[in-house]
Amino acid sequence: MSSNLLPGHYHLVAVKTAFLNNYSNPDEAWGKMVVEARVMKFLDDLPSVPRVFGVFRQGDVCCMIQEFIGNTFTLSSTTFLDVLLTGQPSLSALECISMTSEVVIALNDMHKRGILHNDVAARNILIHHAGTSYRAKLTDFGMACRVQYPRAHRELTFSSLDELLQYNQDHPEVAPEKYLDGACDSVNGDVYSIGYGIRIVGVAIRSSEMVELGKSCTSFDAEDRPSLDWVINILDIIKENEKSNPTCRGINGP
Ligand SMILES: Nc1ncnc2c1ncn2[C@@H]1O[C@H](COP(=O)(O)OP(=O)(O)OP(=O)(O)O)[C@@H](O)[C@H]1O
Ligand SMILES: [Mg+2]
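Heads up: these notes are all about the structure in this document. The model shown is predicted, which means the values in this text are computed figures rather than measured ones. (Residues numbered from 1 in each chain as written. Chains lettered and ligands numbered in written order. Predicted model: local features only at pLDDT ≥ 70, side-chain atom pairs only at ≥ 80, totals over all residues.)

## So, helix α1 (residues 26-43)
Counted only if it meets this: Helix and strand definitions here come from DSSP, where helices need a minimum of 4 consecutive H or I residues and strands a minimum of 2 consecutive E residues; each element is numbered from the N-terminal end. One less than the number of residues in a helix, times 1.5 Å, gives the span that helix is expected to have. Exposure classification rests on a simple neighbour count of other C-beta atoms within 10 Å of a residue's own: a residue reaching 20 or more is buried, one at 12 or fewer is exposed, and one in between is partly exposed. C-beta atoms are placed from the backbone. In this context, the arc is that of the directions from the helix axis out to the C-beta atoms. Placing a C-beta atom from the backbone of each residue, one calls two residues in contact when those atoms lie within 7 Å.
Taking 1.5 Å as the rise per residue, α1 with 18 residues should run 26 Å; its terminal C-alpha atoms sit 26 Å apart, in good agreement. When we look at burial in α1, the residues that qualify are Met33, Ala37, Val39, Met40 and Leu43. Buried residues of α1 fall within an arc of 160° about the axis and therefore sit on the same side. Opposite its buried face, α1 presents the exposed residues Asp27, Glu28 and Gly31, each directed more than 90 degrees away. As for α1, its buried residues are in contact with β1 (13-19), β2 (52-58), β3 (61-67), α3 (93-112) and β5 (115-116).

## Remarks on the sheet that holds strand β4 (residues 78-79)
For clarity, the threshold we go by: Here, strands pair whenever DSSP counts at least two bridges between them. Note on geometry: axes are C-alpha line fits, over the in-contact stretch for helices, and angles between N-to-C directions span 0 to 180 degrees.
Pairing is antiparallel in the open sheet, where three strands are placed in the order β4-β6-β7. Every interior strand has two partners, whereas the edge strands, β4 and β7 (133-138), have only one. The pairing of strand β6 (residues 125-130) with β7 spans six bridges and is antiparallel. Paired with alanine 130 across the two strands is serine 133, which belongs to β7. Across the face of the sheet, α3 comes into contact with β6 and β7 while running at roughly 25° to β7.

## Description of the packing of α3 against helix α8 (residues 228-244)
Put simply, the test is: For classification, angles of less than 35 degrees are called roughly parallel, those exceeding 145 degrees roughly antiparallel, those between 65 and 115 degrees roughly perpendicular, and all remaining angles oblique. Crossing handedness is defined as follows: a turn of the near helix away from the far one that is anticlockwise and smaller than a right angle gives a left-handed crossing, while the clockwise case is right-handed. Side-chain classes follow a simple rule in which Ala, Val, Leu, Ile, Met, Phe, Trp, Tyr, Cys and Pro form the nonpolar group, Asp, Glu, Lys and Arg form the charged group, and the remainder, Gly included, forms the polar group.
With their axes 10 Å apart at the nearest point, α3 and α8 run at an angle of 165° to one another. For the element pair α3 / α8, the angle class is roughly antiparallel. Judged by the sense of rotation from one axis to the other, the crossing of α3 with α8 is left-handed. Between α3 and α8, the contacting residues are Ala93, Leu94, Ile97, Ser98, Thr100, Ser101, Val104, Ile105, Leu107, Asn108 and His111 on the first element and Leu228, Asp229, Val231, Ile232, Leu235, Ile238, Lys239, Glu242 and Lys243 on the second. In the contact of α3 with α8, the residues fall into eleven nonpolar, five polar and four charged.

This is the structure in structure tokens:
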């Protein structure tokens, strides 16, 4: 007897799991996952945000079911951090610029809907191959909050300059006002984090324009950072220049 798969549509999913007995307050951990799922649901019509299907809790385990973003043959997922660390998969300079732009657009759109991400980092950008080129999606909304209700940060005290430099090295994408002044999460804080990413991509593909753009987004003074509308326009110009006069390098494996 032959067996056939039933025809129809199906989704490959990724399951984000939290084991609640690892938390001192399990109900709070479950509540956080529910909030994260709500934020994603609110944003999942944006093309660069993974879709979310639901959350459930069974005993000490809670799970969030999301659209799987990654290689649908090997069932492996890749973050932008993986690409920067391994050079795999190899990406053209144009793909790198376009993917950066996709993430900035997603971040800008969520700000316009009143949500801060608060954890923009290469480890939270998923890449996947879509037809003819690689695309990026921003994920991990576990730290997100409303623009009107930002969380305050703890002002850290450093006993030496070395300690301060070490903190900065460990958390390079965190805006300095958060840990130096205990400033609240803000649009400018997200701009700093994405700016750090833009700088890193600029270095990787040898685009001095992207490095400069990243530098302006990571201005020490939060008020000096540009708007994301402006950043998106500049990235468009960089992309068009690269199309007409390719000067940057792609990211390649060793
Ligand atoms: N929708 C998805 N499709 C495929 N893989 C995913 C998806 N979401 C997350 N992942 C994988 O799981 C990892 C962790 O996801 P996420 O960042 O949401 O959780 P986290 O608890 O914050 O983990 P971390 O502390 O490592 O950032 C991602 O780096 C990625 O490898
Ligand atoms: Mg994460």
